[in-house]
Amino acid sequence: MEVRTAPALAVPQTSSELEVRIRKRFPHPEGTFHLHVHFRALAGFTILFGASGAGKTTVLDCIAGLTDPDQGRIALGGEQLYDSDGKRNVPAWKRHIGYVLQDLALFPHLTAEENVAYGLRQFGAAERRARSREMLEAFRIDRLRERRPAQISGGERQRVALARTLVTEPRALLLDEPLAALDRPTRSSIVEDLRRWNQRYRIPILFVTHSVEEVFALGEEVIVLEAGKIVAQGQPRDVIDAPRLETVAQLAGFENIFDATVLAGHEDRGTMTCRIGTASLDLETPMIRAEAGSQVRIGIRAGDIMLATESPRGLSARNILPGAIQKLESRAGMISAFVNCSGAEFEVHLTLAAREALSLSSGKNVWVVIKTHSCHLLRQ
Amino acid sequence: MEVRTAPALAVPQTSSELEVRIRKRFPHPEGTFHLHVHFRALAGFTILFGASGAGKTTVLDCIAGLTDPDQGRIALGGEQLYDSDGKRNVPAWKRHIGYVLQDLALFPHLTAEENVAYGLRQFGAAERRARSREMLEAFRIDRLRERRPAQISGGERQRVALARTLVTEPRALLLDEPLAALDRPTRSSIVEDLRRWNQRYRIPILFVTHSVEEVFALGEEVIVLEAGKIVAQGQPRDVIDAPRLETVAQLAGFENIFDATVLAGHEDRGTMTCRIGTASLDLETPMIRAEAGSQVRIGIRAGDIMLATESPRGLSARNILPGAIQKLESRAGMISAFVNCSGAEFEVHLTLAAREALSLSSGKNVWVVIKTHSCHLLRQ
Amino acid sequence: QEITVAAAADLSAALPEIVAKYKSQTGQNVALTFGASGNLSTQIRNGAPFDVFFSADEEYPKQLIADGLADQDTLYRYAVGQLVLWVPNDVPVDVQKLGMQALLDPAVKKISIANPQHAPYGRAAEAALKHEGIYDRVSSRLVVGENISQAAQFVESGNAQAGLLALSHAMQPAMKSKGRYWTVPLDSYPTLNQAAVVLSRSKQQKAARKFLEFLRGPAAGAVLADYGFSLPAEKH
Amino acid sequence: MNWEAFWLTVRLASLVSVVLLVIGIPIAYWIASSRWRWKFLVEAAVALPIVLPPTVLGFYVLVALGSRSPLGRWWESLTGHTLAFTFEGLVIGSLLYSLPFAVQPFAAAFGAVDPRLLRASASLGQSPVQTFRRVVIPLSTAGLVTGFTLSFAHTLGEFGVVLMVGGNIPGVTRTVSIDIYDRVQDAQYASANQTALVLLVISFVLLAIVYGVNRRAGMVGPWR
Amino acid sequence: MNWEAFWLTVRLASLVSVVLLVIGIPIAYWIASSRWRWKFLVEAAVALPIVLPPTVLGFYVLVALGSRSPLGRWWESLTGHTLAFTFEGLVIGSLLYSLPFAVQPFAAAFGAVDPRLLRASASLGQSPVQTFRRVVIPLSTAGLVTGFTLSFAHTLGEFGVVLMVGGNIPGVTRTVSIDIYDRVQDAQYASANQTALVLLVISFVLLAIVYGVNRRAGMVGPWR
Ligand SMILES: Nc1ncnc2c1ncn2[C@@H]1O[C@H](COP(=O)(O)OP(=O)(O)OP(=O)(O)O)[C@@H](O)[C@H]1O
Ligand SMILES: Nc1ncnc2c1ncn2[C@@H]1O[C@H](COP(=O)(O)OP(=O)(O)OP(=O)(O)O)[C@@H](O)[C@H]1O
Ligand SMILES: [Mg+2]
Ligand SMILES: [Mg+2]
């Protein structure tokens, strides 16, 4: 969206860091859900990633002040918002934190424009109108401005909810799957808008998503939650592309995950040999502290595996395995090849271009080429 | 999910085809939305695809009987459900069509289990309980069965809504973005469940999604809606991978879309040469009926473009363009390379493996290789 | 067999005592229903299952007789009501000395009377005021209760400073300690004859007539006198 | 203390409020769901009984039920006695007078149910009546409790209609409210106060039980 | 036709229902939003005035306002006259008696507002009071209309309390309901009927206007 040059609401210029250290329990007969997290989010995007029910929404609710943690501390830009020791608990409406709720919660009695203007009470009518119009235009929903939420589509509602929150120029932003109901072009243009917004305002933005694409498009930092605990944290390329945990690998969409047994270590080159499942297939993987004979899990991305139609020579890759193509499947803009190597099935992603170049087809004999460092050893 | 061997509700064995021919107008001061569609959906998955606000939910509402069309005919397995001529309009609750609404609409006063059992009034308590338990287990939410919708997470709610509809064994199924709030592993396992369901029951399933992945994972047929009209229809590989319309290409995520001018046709090999934008860059594309000098749009998938570090020889591809890598970006499990060829910027997708193999880096000179048939001429 | 007696509200203290005596003498059960005479007569017209009707005036019974709902031969004037001017203790006017003129004292801001439209005591009060020639000077200060009990409540609660009430009310234990009264001369208002009648619909004519008969006796008369009803001068 | 009158009153109020639940719900359902454009006239008509003074309404009811009206005569020929001055007559009069206190809150609550839930229910094969029973009614408990308690409490205190239609016959139509009224009229303040106090305490306990069982959740959210 | 009484009655009913809107909303807000565990006792207490017969309640009010009560004396020292037998006195008595008809429907409507909207409002920086004004109130119109019309209509027909507290003074405290009552008592049935009819027609028109303006949407959905 076009960025206003003279915002009437002062943009906090201090380093606005969000610090969260909370515990929260939901007791249930079938087992208590126990949220216990501690993290800092600097200005910019921090992605909250994790399976359904991991606790992402609960974290945001606590930060926004809509749920009280059982214990802990929440601070934004040096100001204590919640402190169970100091008995401090700033009410939600005084926190100046924007929150796009997972279920949107648009006001059914207000038009789209009135919804967007709802948080601008401090301005005069003209200013309120100008700001909300501008925001509606930015999200390409200005033609809906006279309509009630019941009269617009799901994706339109999601954009109204986003606009309603962004227009208030909050000190921090919590976005709970804000793009889930949008088509691809709309989504990318809003991602662009959000990036620009971020550059302009430099506030902490916590962004919940299940889309690995959005993690990479937006994430400067990603936090992976599992059952209420942080299990991984860092840059997307480290956390998502080189996961240490099987669950994270699954969330990130690792197509190939195998059981394996450690056969032997090679101290000299920092690798070890593992045998995959019951197949008589050995892979050379990076070294970890594990004794010979111990069980490990190995994850390999379908996109990290190369196929060759002739036995490749002079490659640095240490795992070159002969196999046969079982089947080829069209995916969105790419091809999945399933290759059987001595009983282990590998999924390999190819561009359409590559399939043509190698003239691959079902039944064809190929070589699967996997670099040592593409083999990720996963904890369970 | 495990499929019941002896369903108490007779599965209609007749060819159950859904035929829809409807018009529906929503008059708005800023312009009337006019839905006008005609399609048949056979047993199996038919994907409804289209931008936000295209009319997907309205189509489903009309079929379910929750919105009255202005005019037309809806028939399922030979039975007229709606006919504006014959003045027939079977009420929603007599249509036996399962519908997972976009906003879920779980009953807030009922537990998850009671929600799932809601549509099973015709069975005794024991049978009802058995069926809903089974369904809850299939969707891995049986531990939530005593909880109310307000006490479960967004993704969990989505699964309850799906279970609540599927358990009624409907004659047709309408799913409005049923997987939008789910993480990847949960989503794939539900996609698997749905495929199995489909094989068992063979009923028409209309599935709305914005995810190209889901289109390919489920779609036997895809219908693309734009502003209330069907603009494309067919198998995903034709419609999504070889779009004829720019809007469809955008929805499908075509990364490269250029303005171009037709320079000359080559009747002999069925191709023509087009000059891209203002760049002095010519591409050979498939032939269409267009005069020299006319303006066209060309779409090319980033995954359909190959990179070579040496000038490739003996390739059938007719477009081999020298350029330089501008930057490389990590995407989920792959690399985007942006290559400048005489002023035109191409986005090219590479696997991580390919980047290593070619040791690509920013500034490196490369050749961009594009097959004629990867250049899709798009109508606007 | 029980007989049911509908009676005007101002008999609500006296009649139960009479009934108790009657029962100890004859063993006859008598159920009592009190209400405004107008309401009771409306109800009788619409089929109320009463055997005897004790009205607070003579008009209602006569109309019932005229309409064939009561028997002329049972009409009995059982008492004459008396009007008093009642003043609470905290109002500093000497009613005994001033009589009606006490109402002109500035300390008397509101004067309560029963509704002259349909309550006999209200009509009597109005007549007495006119007779005294002060009606026009006090009419703006009149507050009107829907019946004589309500008029009493207005003064008794301290919201009115004087009231034209029934002697039977003024003599009630609850009122006696709270104020003083002056009896309005009988010649300043039309006689407040109160009459009773046996209803034609009654299925217990004999028992009903027997009860009325008892009322003519000295035992009942004494009780009525105790409660401030003077006995009728002449009898039918 | 006139326990006979008490017992009668509680029976009357319970019966009236339960009957109003039974007949008020369908009327309110119609008001909430009909899209007839003149519906608002019916809504206004439902509120009319209470704009008349109760004794006057009672008078009209008395005339309508009494031995001189066709209805009264028909009933008399059927049962041998008039409806007026019987417990059934009281019930009819009270029903009429308390109707709006039940119907209006019911209709307001029904109309506030999220329409998306009705759509979901229809798509799950449930007829409008089933949907009403399984979704609308359970989500309207606050309105149902309101209508029920208002009509119950109002019938406890009802006086004018009851007096006119009932005729204050001990054990049959003399309710506590008439009993208290009689005592006050008679300047028996001590016993009137005592009876009123007992009525208040018993009503309070009954109402508290109803509200306590149907505890309002309290608006969720950051209401600090 | 006593137009003076009419005008007085309409003024009284309008004033009482508007004042009940003003004081009933905060009380209902508290009932709907408080999480105090004994709240249900307060809810029960709010309904208590109507369990007493109106004349008896009126009698107690009369005693409370009279010159022998502290409140009455305080008011008298302030204004020189007692509250009884004045228009203000009528207003106070009617307010007390009609309170539950306003508060209970309000509270039921407030409690039915989707709590997610309250959360959204708080996250948009709006205080509980602003949220109440901008979200809860507009989404509770059906309940507000119900409470308003019930208290309005009920005050039109109110008789017992008004008679007791007002003293039936023409032009000051004689309302239509008392006027009609007097005529019935006086067996002037024709003129009573006529007045009652006029009252019914005018009330009907007023109520129809209120319901017509606040037209219920009709439950959306497949209610065929
Ligand atoms: N109000 C509540 N009361 C009890 N349990 C709750 C409540 N809200 C959430 N939970 C439970 O706590 C866990 C975390 O829920 P949360 O909504 O934070 O998950 P999430 O990570 O946002 O999931 P999703 O991706 O599905 O939205 C879940 O198991 C959920 O069932
Ligand atoms: N009840 C309604 N009244 C008026 N207009 C409506 C109504 N419902 C939808 N519309 C409009 O009709 C168009 C189609 O809406 P629809 O909900 O069918 O879109 P959709 O394809 O489902 O979009 P999305 O992907 O965002 O859910 C939109 O422009 C929307 O604003
Ligand atoms: Mg969530
Ligand atoms: Mg939609």
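Since the model is a prediction, treat every value here as computed from it, not as a measurement. Every chain is numbered independently, its residues counted from 1 as its sequence is written. For naming, the first written chain is A and the first written ligand is 1, with later ones following in the order written. Only residues with pLDDT of at least 70 are given local features in this predicted model, and only at 80 or more are side-chain atom pairs given and counted; all residues enter the totals for whole chains, interfaces and linings. With hydrogens and water excluded, all non-hydrogen atoms of the structure serve as input to the side-chain values.

Asker: I tried to follow the relation of the copies chain D and chain E on my own but got confused; where do I start?
Answerer: Both copies of the chain are related through a single rotation about an axis accompanied by a shift along the same axis. Least-squares superposition aligns the copies on the C-alpha atoms of those residues with pLDDT at or above 70 in both. For the pair chain D and chain E, the best superposition has an RMSD of 0.3 Å and corresponds to a rotation of 180° with a translation of 0.0 Å parallel to the axis. What we have between these two chains is a two-fold relation. Every residue of chain D has its C-alpha some distance from the rotation axis, and the shortest such distance is that of P105 of chain D, at 3.0 Å. Residues are treated as being in contact if the distance between any of their heavy atoms lies within 4.5 Å. Taken as a fraction of all interface residues of chain D, those also at the interface in chain E reach 100%, which identifies the copy contact as same-surface.

Asker: Help me understand the arrangement of the chains in this model?
Answerer: Interchain contacts are distributed over eight pairs of chains, and the most extensive set of them lies between chains D and E. If you take every C-alpha in chain A and every C-alpha in chain C, the smallest gap between them is 50 Å, and the two do not touch. In this view chain B stays clear of chain C, with the nearest C-alpha atoms of the two still 51 Å from each other.

Asker: What is the right way to look at the site of ligand 1 in this model?
Answerer: The full set close to ligand 1 counts 22 residues, and T57 and T58 of chain A together with R147, S153 and G155 of chain B are the nearest of them. One chain alone does not account for the residues near ligand 1; they come from chains A and B. Between ligand 1 and T57 of chain A there is a distance of 2.6 Å, counted from an oxygen atom to a side-chain nitrogen or oxygen. What qualifies as a polar contact is a pair of N or O atoms within 3.5 Å, subject to a donor-acceptor requirement within protein and to the restriction that residues adjacent in sequence count only when both atoms come from side chains. In the environment of ligand 1, an oxygen atom lies 2.8 Å from a nitrogen or oxygen atom belonging to the side chain of E156 of chain B. Strands are runs of DSSP state E lasting at least 2 residues, helices are runs of H or I lasting at least 4, and numbering of each runs from the N terminus. At the level of elements, α1 (56-64) of chain A together with α4 (154-166) of chain B are the ones that each hand at least two residues to the shell around ligand 1. Residues are grouped as follows: nonpolar covers Ala, Val, Leu, Ile, Met, Phe, Trp, Tyr, Cys and Pro; charged covers Asp, Glu, Lys and Arg; every other residue, Gly included, is treated as polar. Taken together, the residues of the shell around ligand 1 break down into six nonpolar, 12 polar and four charged. Here, proximity means that at least one heavy atom of the residue falls within 4 Å of the molecule or strand.

Asker: Help me out: how do you make sense of the nonpolar core in this one?
Answerer: Grouped burial of nonpolar side chains is what soluble globular proteins tend to show. In terms of nonpolar packing, the biggest core is built from 307 residues, with F54, M100 and L103 of chain C touching the most fellow members. Excluding anything up to four places from it in sequence, F54 of chain C contacts V5, A6, A7, A8, L11, L15, Y78, A195, A196, F211, L212 and L215 of chain C. In this text, buried Ala, Val, Leu, Ile, Met, Phe, Trp, Tyr and Cys residues form a nonpolar core when linked through side-chain atoms within 4.5 Å. Whether a residue is buried, partly exposed or exposed follows from its accessible area with a 1.4 Å probe, protein chains only, as a fraction of its type maximum: under 20%, in between, or over 50%, in that order.

Asker: Can you help me understand the sheet that holds strand β3 (residues 52-54) of chain C in this one?
Answerer: Strand pairing in a sheet relies on backbone hydrogen bonds. The paired strands run either parallel or antiparallel. Residues and elements named next belong to chain C. Only when DSSP finds a minimum of two bridges between them are two strands counted as paired. Spatially, the five strands line up as an open sheet ordered β2-β1-β3-β10-β4, and their pairing is mixed. Taken across any chain shown, the strands that pair with only one partner, and hence form the sheet edges, are β2 (30-35) and β4 (76-81). Put simply, the sheet's adjacent strands are angled 20° from each other on average, direction ignored. Note: β4 against strand β10 (residues 192-198), five bridges, orientation antiparallel. Bridge pairing in β10 links G81 to L192. Note on definitions: angles span 0 to 180 degrees between N-to-C directions of axes, and those axes are lines fitted to C-alpha atoms, for helices only across the stretch in contact.

Asker: So what exactly am I meant to see when it comes to the coordination of the magnesium ion (ligand 4) here?
Answerer: Note on metal sites: the ideal angle is 109.5 degrees for four tetrahedral donors, and 90 or 180 degrees for six octahedral donors. All names here are of chain B. A donor here means an N, O or S atom no more than 2.8 Å from the metal, or no more than 3.2 Å when the metal is Na, K or Ca. Since water is not included, a site may seem to lack partners. Surrounding the magnesium ion (ligand 4) are the protein donor atoms T57 (OG1) and Q102 (OE1), at 1.9 to 2.3 Å. Note that T57 is positioned in helix α1 (residues 56-64) and Q102 in the loop between β7 (97-100) and α2 (112-117), a separation of 45 residues in sequence. Under the relative-accessibility criterion, T57 is labelled partly exposed at 23%.

Asker: Before we go on, may I ask you to explain the interface of chain A and chain E in this structure?
Answerer: Interfaces are often sized by the accessible area lost when the parts come together. Contacts between the two partners involve 21 residues from chain A and, on the opposite side, 19 residues from chain E. Buried area between chain A and chain E, summed over both chains or domains, comes out near 1800 Å², and the portion from carbon and sulfur atoms is 62%. Two parts placed together each lose some accessible area under a 1.4 Å probe, and adding up what both lose gives the buried area. Ranking the residues of chain A by area buried against chain E places W93, Y118 and R121 of chain A at the top, with a combined share of 39%. By salt bridge we mean one thing: a side-chain nitrogen of Lys or Arg within 4 Å of a carboxyl oxygen of Asp or Glu. Counting every contact that joins chain A to chain E gives two salt bridges. One salt bridge in this structure joins R116 of chain E and D103 of chain A, with 3.5 Å as the shortest N-O distance. If you look at where chain A meets chain E, you find six residue pairs in polar contact (both at pLDDT 80 or more). Every element with two or more residues in the side of chain A that touches chain E is listed here: β7 (97-100) and α4 (154-166) of chain A. For the side of chain A that touches chain E, the element with the highest residue contribution is β7 of chain A, accounting for three residues.

Asker: Please clarify how the interface of chain D and chain E should be interpreted in this entry.
Answerer: In this assembly, 72 residues from chain D lie in contact with 72 residues from chain E. Summed over both sides, the interface between chain D and chain E buries roughly 6500 Å², with carbon and sulfur atoms accounting for 73% of that surface. At the surface where chain D touches chain E, the tally comes to zero salt bridges. Taken together, the links from chain D to chain E amount to five residue pairs in polar contact (both at pLDDT 80 or more). Broken down by element, the side of chain D that touches chain E gets its largest block of residues, 12 residues, from helix α11 (residues 189-213) of chain D.

Asker: Help me understand the site of ligand 2 in this model?
Answerer: In the vicinity of ligand 2 lie 22 residues, with R147, S153 and G155 of chain A together with T57 and T58 of chain B positioned nearest. Nearby residues around ligand 2 are contributed by chains A and B. G53 of chain B places a main-chain nitrogen or oxygen 2.8 Å from an oxygen atom of ligand 2. T57 of chain B places a polar side-chain atom, nitrogen or oxygen, 2.6 Å from an oxygen atom of ligand 2. Note on areas: Shrake-Rupley with a 1.4 Å probe; residue coverage comes only from the protein chains shown. Expressed as a share of its isolated accessible area of 630 Å², the protein-covered part of ligand 2 is 90%. Residue assignment for the shell around ligand 2 shows that the elements contributing at least two residues are α4 of chain A together with α1 of chain B. Partitioning the shell around ligand 2 into residue classes produces six nonpolar, 12 polar and four charged.

Asker: Explain the pairing of strand β2 (residues 33-41) of chain B to me, please; I cannot follow it from the model alone.
Answerer: Each regular strand carries side chains that alternate between the two faces of the sheet. Residues and elements named next belong to chain B. Residues of β2 alternate between two faces, with F33, L35, V37, F39 and A41 buried on one and H34, H36, H38 and R40 left unburied on the opposite face. Examined bridge by bridge, strand β1 (residues 18-26) and β2 share nine bridges and lie antiparallel to one another. Residue pairing in the sheet places V20 in a bridge with F39 of β2. The hairpin formed by β1 and β2 contains six residues between the paired strands, and G31 there has a positive phi angle of roughly 135°.

Asker: Just to check I follow, could you spell out the packing of helix α8 (residues 141-157) of chain D against helix α5 (residues 87-111) of chain E for this structure?
Answerer: In a pair of packed helices, the angle between the axes and the distance between the axes together describe the arrangement. At a closest axis distance of 8 Å, the pairing of α8 of chain D and α5 of chain E adopts a crossing angle of 165°. It follows from the interaxial angle that α8 of chain D and α5 of chain E lie roughly antiparallel. You can see that α8 of chain D and α5 of chain E cross each other, and the crossing is right-handed. Judged by residue contacts, A142, G143, T146, L150 and H154 of chain D of α8 of chain D engage Y97, P100, F101, Q104, P105 and A108 of chain E from α5 of chain E. Considering only residue class, the contact of α8 of chain D with α5 of chain E consists of seven nonpolar, four polar and no charged. Geometric relationships in this document are graded by angle, where less than 35 degrees denotes roughly parallel, more than 145 denotes roughly antiparallel, 65 to 115 denotes roughly perpendicular, and other angles denote oblique. Left-handed describes a crossing whose near helix is turned anticlockwise from the far helix by less than a right angle; the clockwise case is right-handed.

Asker: What is the right way to read the confidence of the model for chain A from this model?
Answerer: Interpretation of the predicted coordinates at a detailed level should be avoided for regions scoring low in pLDDT. For every residue, the pLDDT score states the predictor's confidence, bounded by 0 at the bottom and 100 at the top. When pLDDT is averaged along chain A, the result is 86, and 94% of the positions lie at 70 or above. Between residues 1-13 of chain A, whose pLDDT stays under 50, and residues either more than four places distant or in other chains, the model counts 24 contacts.

Asker: Even after reading the chapter, I still don't get the packing of aromatic side chains, so can you show me in this structure?
Answerer: Each aromatic ring pair is specified by the distance between its two centres and by the angle formed by the two planes. Pairs were defined over the aromatic rings of Phe, Tyr and Trp, the Trp ring being its six-membered one, requiring ring centres within 6.5 Å. Orientation was assigned from the angle between planes: stacked under 30 degrees, edge-to-face over 60, tilted for the rest. Applying the stated criterion across every chain yields a total of 35 aromatic pairs over all chains. A network of ring pairs unites the aromatic residues Y22, F54, Y78, F211 and F214 of chain C as a single cluster. Geometrically, a lysine NZ or arginine CZ counts as sitting over a ring once it is within 6 Å of the ring centre and also within 35 degrees of the ring normal. Between K327 of chain B and the ring centre of F338 of chain B, over which it is positioned, the NZ or CZ distance is 4.9 Å. Between R11 of chain D and the ring centre of F87 of chain D, over which it is positioned, the NZ or CZ distance is 4.6 Å.

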